[in-house]
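Fold and contact review
Listed below, chain by chain, are the residues.
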Amino acid sequence: MPRLLIIQAACYRSRDDRRPLRIRKRKLMGAVMPYLAALAPPGWDITLVDDAIEEPDFNADVDVVAITARMVTSLRAYEIADRFRARKVPVLMGGPHATFYADEMAQHADGVCIGEAEEIFPVMLEDAAAGRLRQFYQRETAASMEGMPTPRWDLLKPKDYVFYRPVVIQQSRGCPYTCDFCAERRLNGDYGYRDRPAEEIVEEIRKSGSHHIFFAASQFVGNKKRTMELLEALIPLKIRWSALFSPRFGLDAEFLDLAQKSGLLHVNMGIESISQDTLKTMHKEFNKSHSYTDMIGNLNKRNISFSFNFVFGADADDESIFPATLEFLKEHKVPAAYFNILVPLRGTPLWDRMKAEDRIIDEANMERWPGAFCHIHPAKMSKEQLVSQVQKLQREFYSVRSMTQRLRIPRSQADLASWNVNLTQRKVAQNSESMCEFSEF
C-alpha cells in the first residue's frame, strides 16, 4: 500500500524570523487537506499534517509527499519540499500559489498541479508511484461541481480544533464580479462562477456531523435563485452557518429573511471603502456607499453578526480616508472589520497597470510575509504613511474602549461571534509592527 503524506504549509513568523508561525488550535476544520485525501485513488495510506499546528516528520516512511501552498506560505512550503526531496522522496505541490508561480514552484517539486486538482491529483499520485512524474499538470476544462467526493475529515485530529469544530464546506468556485485588485477569477482557470447542487451540499453537511458550517466561497450568492434553493434546503438541518457575500444582498429583504431562517450566523462583506470615488477606481461601483447605513440596519434588525473588509491605497485615497472610515465604523457600531493594504497581485488588472507604470515595490517579496506591507507607490501619500495609517486604524478600532462601545453584551450566538472576532483581531492590532495574522482559520 503506497503511503502519502499531505502537508498544509504554515507561514514564517516574519521576514527576519524564519520559524513557522504556530498556533494552538484552529477555529475551522479546513477543507483543503481532507478534500485532497478524498481525491486520492483507493488503496493509499494517507496522513495529514497541518504545519501551523505541528512540525512535519521529515524522516517519515512515506512514498509521496503532497504540499499545498499560498503566497504567504510558499517559502516555508519550499523548505519542507527541499528536505523531503533531499531524501529522494517525490514531492507534489499545488494550491493557489501554483497558478501564477508554477515555474518557481517547479524548482522545489517533482510535479506541480496548476489550478483545480480534480482528475489531476489522482493521476499525479499514480505517476509518482510508477516513477513517471511530469513537471506540470493542469486541467484543460473546468472541474465539475457535481459529484464531488466527501472530504476525509476522519483523517484530521480533533484535538487540533476548537471544541465545537466548525466545518468548511465547498459551496462554489469563482466570482461573477471583476474587481480591479482581485485574482480570484483566474485562480482556478477563469471558468466563471460555479456552484454545487444544493442536495449534495446538504448531504455533505449531514456527513460532517457538525452544526457549525463555514461556506468556502468568494461569493456565496453568485446565482440568487440557486442560493435561495440551498437556503430552503438548509432549514431542516438546524445549523448555524457563515459565509461571504456582496453588500447588495444586505439590501435584499427576501434573501436576508430566508438566510436568517436557514441559520445565518455571520457574514463577511467586501465593502472595500466608504468612498464611492475609491470604489470606482476598483471597478466596484456596484457597491453603493450611500446604501451602507440601510444594509447595516437590515443586518442588525435580524440579529446577524457581520464584518466588513476594507482596502486602502487606491489612487483616489488620501489620508482623510482613515479617520473618516473609523468615524463611520464607530457611528454605525460595526461589529468587526478587516483593514488591508492594496496589493497588485499577478493576474489582476491592477498588477498590469502598476507594472506598466513602474509602481510595484519589491515584487519578489509581495505577499511572502504576514503583516502590513505596501507594495506600490501610492498616488496621494507615501508608502510609509499608508502602512502607519492602516496600523493606527487597526489599533484604534480594536481598542478596549472602541470594542465596549460598539459591541452588545453577549446575549446570542451572533453577539458571541462578534466578540470572538474582535478578541482575535485585537491580538493582531497589538502586534502592530508586523500586524502578524493570528487568525486560527
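Residues numbered from 1 in each chain as written. Predicted model: local features only at pLDDT ≥ 70, side-chain atom pairs only at ≥ 80, totals over all residues. Heavy atoms only, no water.

Here we come to the pairing of strand β3 (residues 64-68). The buried count for β3 comes to 5 of 5 residues, which makes it a mostly enclosed element. Here β3 shows two buried faces, one formed by V64, A66 and T68 and the other by V65 and I67. For strand β1 (residues 3-8) and β3, the ladder comprises 5 bridges, and the chain directions are parallel. Bridge pairing in β3 places L4 opposite V64. Relative to strand β4 (residues 91-94), β3 runs parallel, the two sharing 4 bridges. The residue bridging T68 from the neighbouring strand is G94, located in β4. Taking the sense of rotation as the criterion, the β-α-β connection linking β3, helix α2 (residues 74-85) and β4 turns out right-handed. (Buried < 20%, exposed > 50% of the residue type's maximum accessible area, 1.4 Å probe, protein only. Helix = DSSP H or I, 4+ residues; strand = E, 2+ residues; numbered from the N terminus. Pairing = 2+ DSSP bridges. Right-handed = clockwise from strand over helix to strand, strands pointing away.)

What follows is about empty space enclosed by the protein. Here the structure, examined in full by the defined rule, presents 1 cavity of 30 Å³ or more. In this structure, the largest cavity encloses a volume near 60 Å³. The element contributing the most residues to the lining of the largest cavity is strand β2 (residues 45-50), with 3 residues. Among the residues forming the lining of the largest cavity, the class breakdown is 6 nonpolar, no polar and 4 charged. (1 Å grid on protein atoms, 1.4 Å probe; cavity = no way out; pocket = protein on both sides within 12 Å on 5 of 7 lines; lining within 4 Å. Points joined across faces, edges and corners; volume = space filled by probe spheres on them. Nonpolar A, V, L, I, M, F, W, Y, C, P; charged D, E, K, R; others polar.)

Turning our attention to the packing of helix α11 (residues 321-331) against helix α13 (residues 383-397). Running from N to C, α11 and α13 cross one another at 20 degrees; their axes reach a closest spacing of 10 Å. Relative to α13, the element α11 lies roughly parallel. Of the two elements, α11 crosses α13, and the hand of that crossing is right-handed. Residues F322, T325, L326 and L329 of α11 pack against L386, Q389, V390, L393, E396 and F397 of α13. The class makeup of the residues in the contact of α11 with α13 is 7 nonpolar, 2 polar and 1 charged. (Axes fitted to C-alpha atoms, helices over the stretch in contact; angles between N-to-C directions. Parallel < 35°, antiparallel > 145°, perpendicular 65-115°, else oblique. Left-handed = near helix turned anticlockwise from the far one by under 90°. Contact = heavy atoms within 4.5 Å.)

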